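Summary of structural features
Read off the chains here:
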Amino acid sequence: MKRKLIIEDFGKIKKAEIDISPLTLFVGDNNSGKSYLLSLIWGICAAEDESGVFRGMLKLLKDDYTETYKQMCDFVFNVIEGDIQEIKISSQCFVESLNKLLERNKDAFVAGIFNSELKIGKLAIAVEHEFDVTIEGRKKESGTSFYCTEGSFGMRFHGQKMLDDCENVARIIFCNIWLWFLKGDMAFHSFNTVYLPAARTGFMLAKNVINKVSRQVAYDVSGIKEREDVQPFTKPIIHFLNMLEELSLEHKTEYGEIVKWVETSMAHGRLQYGNELNGQEIRYLPDGSEKSLPLRTTSAVVTELTPLLLLLKYRSSLEAICYEEPEMCLHPRLQQEMGQLLVRLVNSGLYMVATTHSDILMQHINNMCRVKALGSPKGLMQKLELSEEDAIDIQDVAIYQFTDLGEYSTVEKLIPNDGEFQVKTFSDALTEILEQTSEVQVFEGE
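Right, let's talk about the overall build of the protein chain for a bit. When you go through the protein chain residue by residue, the secondary structure sums to 15 helices and 16 strands. Taken across its 446 residues, the protein chain has 51% of its residues classed as buried. Contacts in the protein chain between residues at least 24 apart in sequence constitute 71% of all its contacts with a sequence separation of at least 6. Surface summary for the protein chain: the accessible area is close to 21500 Å², and the carbon and sulfur share equals 48%.

Following this line, the structure appears as structure tokens:
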């Protein structure tokens, strides 16, 4: 399913049409809305069937989609009675009804993400082609299951008490299919999508002070009125801080080789956490040293990489990362390696959505798209010290250019030209500094 999110009048963003790819980068001017949009993307990925997005859904279905809703309830009843059933509903029905719910609930949804009375002019989805959504139902001794064949996802219900309520089962099916349309290929579980904020170093160093109880009570103002003294965090940041408290020390990481490479090539040392320290303190063991250091005494590159390394080593389930300025505090050489890391993570199966100001990171990704297009030739890969996991198909990359025009910003999806993305915001800045250098040199010559 090819679908896009349509956003209008959101912060400084006049209009944006976003189709998330496995590697999606937001580039452009400061104060142009990149972090706003990244937070919104996280909120959409974290939406659940109990989300405020679906407030009033039953009334909408019963009033505006009476026949479709009745058809779904009858379908559920027949499956529960033991018949193998299949039902087809037009994608247009789901898109239209979801957009009506988004229109009604968009401001409350956005305010919930930002813990602020932030509004949005339009939040909707569009699907490229209309198609039939097929739902299959099967009843077995282990439970009753429903599958959406286009989305390749399913729902299983156990216990007769829940199955006795056909309308509730139908509601859950509708919600799951709406979530698929809303999230597209990023139809992940909410807890498997993590936001890494630009201020991650500060949060890492202060995480023991900002404990979980204080976060929920003092910084999450959802549903709380007349709390003018509260300085709330946004929901992505609260989720990030909660994640640091919920790491699984028993988790057997599937990113072991990537973690080893990051610690060797970028961090030049190893993180120690949990069982190694008889507690939940995080320490850093530099290469060649027998004595570890508390995180507060390490370099900025270590504290910047620590949240990502903790995720990859100790998060039991991970599907997508919304990464704000991954190049933060990194030397140009390490910015290139960060580009290499992002590509490796995408090739391992993760979705990565990031904001960036790094032309070096961007050029590395361009190079890796070219390498992939060349078929990853063995001689070139050896010369550049690259492996198969370092190349990426340009079809798996999406770049969005943000341009600040003063009162508002524009968002444009960049189309590859001659096998690479040309980021005007970077090239213009480089041209300007080169022209300045030239003028200085001419003046010196005179």
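Read on for the rest.
A surface patch of like charges, here negative, comprises Glu 432, Glu 435, Glu 439 and Glu 446. The exposure class assigned to Glu 432 is exposed, which follows from its relative accessible area of 57%.

Sheet architecture is open: 3 strands sit in the order S10-S11-S12, paired in antiparallel fashion. Strands with a single pairing partner mark the edges of an open sheet, and in this sheet they are strand S10 (269-273) and strand S12 (293-294). Where S10 lies against strand S11 (residues 282-286), 5 bridges are found, and the strand directions are antiparallel. Residue pairing in the sheet places Tyr 273 in a bridge with Ile 282 of S11. Running at roughly 60° to S10, helix H11 (residues 300-314) makes contact with S10 and S11 of the sheet.

Here H11 is 15 residues long and its end C-alpha atoms lie 21 Å apart, about the 21 Å a rise of 1.5 Å per residue gives. The largest bend in H11 comes to about 40°, at Thr 306, with the proline Pro 307 one to four residues further on. Along H11, 14 of the 15 residues are buried, which leaves the element largely enclosed by surrounding structure.

This model, assessed by the stated rule, comprises 18 salt bridges. Salt-bridge contacts for Glu 86 lead to Lys 88; the nearest nitrogen and oxygen are separated by 3.9 Å. In the salt-bridge network here, residues are joined through shared partners; they are Lys 4, Lys 15 and Glu 17.

With that out of the way, let us pick up the pairing of strand S7 (residues 143-148). For S7, a buried count of 5 out of 6 residues is recorded, marking the element as mostly surrounded by other parts of the structure. As paired strands, strand S6 (residues 132-140) and S7 are joined by 6 bridges and run antiparallel to one another. Bridge pairing links Arg 138 to Ser 145 in S7. Counting the residues in the hairpin turn of S6 and S7 gives 2 residues.

A positive phi angle is found at Glu 325, which is not glycine, with a value near 50°. Among the secondary structure elements, Glu 325 is positioned in the loop between strand S13 (320-324) and helix H12 (332-347). In the Ramachandran plot, Asp 418 falls in the positive-phi region, its phi being about 55° despite a non-glycine side chain. Checked against the element boundaries, Asp 418 lands in the loop between strand S16 (409-413) and helix H15 (424-445).

Applying the stated criterion to the full structure yields 17 aromatic pairs. Ring geometry for Phe 94 and Phe 181: centres 5.9 Å apart, planes at 20°, overall stacked. Pair noted here: Phe 94 is in helix H4 (residues 91-114) and Phe 181 is in helix H6 (residues 166-183), with a separation of 87 residues, a long-range link. By relative accessible area, Phe 181 is classed as buried at 0%.

This brings us to the sheet that holds strand S15 (residues 397-404). An order of S5-S1-S2-S16-S15-S3-S14-S13-S9 is seen for the 9 strands of this open sheet, with the pairing classed as mixed. Two strands bound the open sheet, and with one partner strand each, they are strand S5 (120-127) and strand S9 (193-196). Averaged over all adjacent pairs, the angle separating strand axes in this sheet is 15°, with direction ignored. The sheet contact formed by S15 and S16 spans 5 bridges and is antiparallel. Each residue of the ladder has a partner; that of Gln 401, found in S16, is Glu 412.

What follows concerns helix H1 (residues 34-45). The end-to-end C-alpha separation of H1 is 17 Å, in line with the 16 Å expected for 12 residues at 1.5 Å each. Summarising burial for H1: 10 of the 12 residues are buried, a large majority. All buried positions along H1 are accounted for by Lys 34, Leu 37, Leu 38, Ser 39, Leu 40, Ile 41, Trp 42, Gly 43, Ile 44 and Cys 45.

Our next topic: the state of the cysteines. Tallied over the full model, the rule gives 0 disulfides. In this structure Cys 166 is a free cysteine whose sulfur lies 7.2 Å from that of Cys 73, the closest cysteine sulfur available. Judged by its relative accessible area of 16%, Cys 166 falls in the buried class.

As for its position among the elements, Leu 182 is in helix H6. Among the residues examined, Leu 182 registers a relative accessible area of 1% and is labelled buried. Sequence-wise, Leu 182 and Val 95 are 87 residues apart; in three dimensions their C-alpha atoms are separated by 8.8 Å. Residues in contact with Leu 182, not counting those within four places in the same chain, are Arg 3, Leu 5, Ile 44, Ala 47, Leu 98, Leu 102 and Ile 125.

The subject of this paragraph is the pairing of S15. Along S15, 6 of the 8 residues are buried, which leaves the element largely enclosed by surrounding structure. Where strand S3 (residues 23-28) and S15 come together, 6 bridges link them in parallel fashion. Note on S15: the bridge partner recorded for Leu 23 is Val 397. Hairpin remark: S15 followed by S16, antiparallel, with 4 residues in the connecting loop; positive phi at Gly 406, about 100°.

We now examine the environment of Leu 293. If you trace the backbone, Leu 293 turns up in strand S12. As for Leu 293 and Arg 283, which are separated by 10 residues in sequence, their C-alpha atoms are 5.4 Å apart. Non-local contacts of Leu 293, meaning those with residues more than four positions away in its chain, are made with Arg 283, Tyr 284, Pro 286 and Thr 298.

About the criteria used
- Residues numbered from 1 in each chain as written.
- Predicted model: local features only at pLDDT ≥ 70, side-chain atom pairs only at ≥ 80, totals over all residues.
- Heavy atoms only, no water.
- Helix = DSSP H or I, 4+ residues; strand = E, 2+ residues; numbered from the N terminus.
- Buried < 20%, exposed > 50% of the residue type's maximum accessible area, 1.4 Å probe, protein only.
- Contact = heavy atoms within 4.5 Å.
- Areas by Shrake-Rupley, 256 points an atom, 1.4 Å probe, with all protein chains shown as cover.
- Patch = residues over 30% accessible without salt bridge, like charges linked within 9 Å, V, L, I, M, F, W, Y side chains within 5 Å.
- Salt bridge = Lys/Arg side-chain N within 4 Å of Asp/Glu carboxyl O.
- Lys, Arg positive; Asp, Glu negative; His and termini not counted.
- Charge placed at Lys NZ, Arg CZ, Asp CG, Glu CD.
- Pairing = 2+ DSSP bridges.
- Axes fitted to C-alpha atoms, helices over the stretch in contact; angles between N-to-C directions.
- Expected span 1.5 Å × (residues − 1).
- Bend = angle between axes of the 7 residues up to and from the residue.
- Phe/Tyr/Trp six-rings, centres within 6.5 Å; stacked < 30°, edge-to-face > 60°.
- Disulfide = S-S within 2.5 Å.

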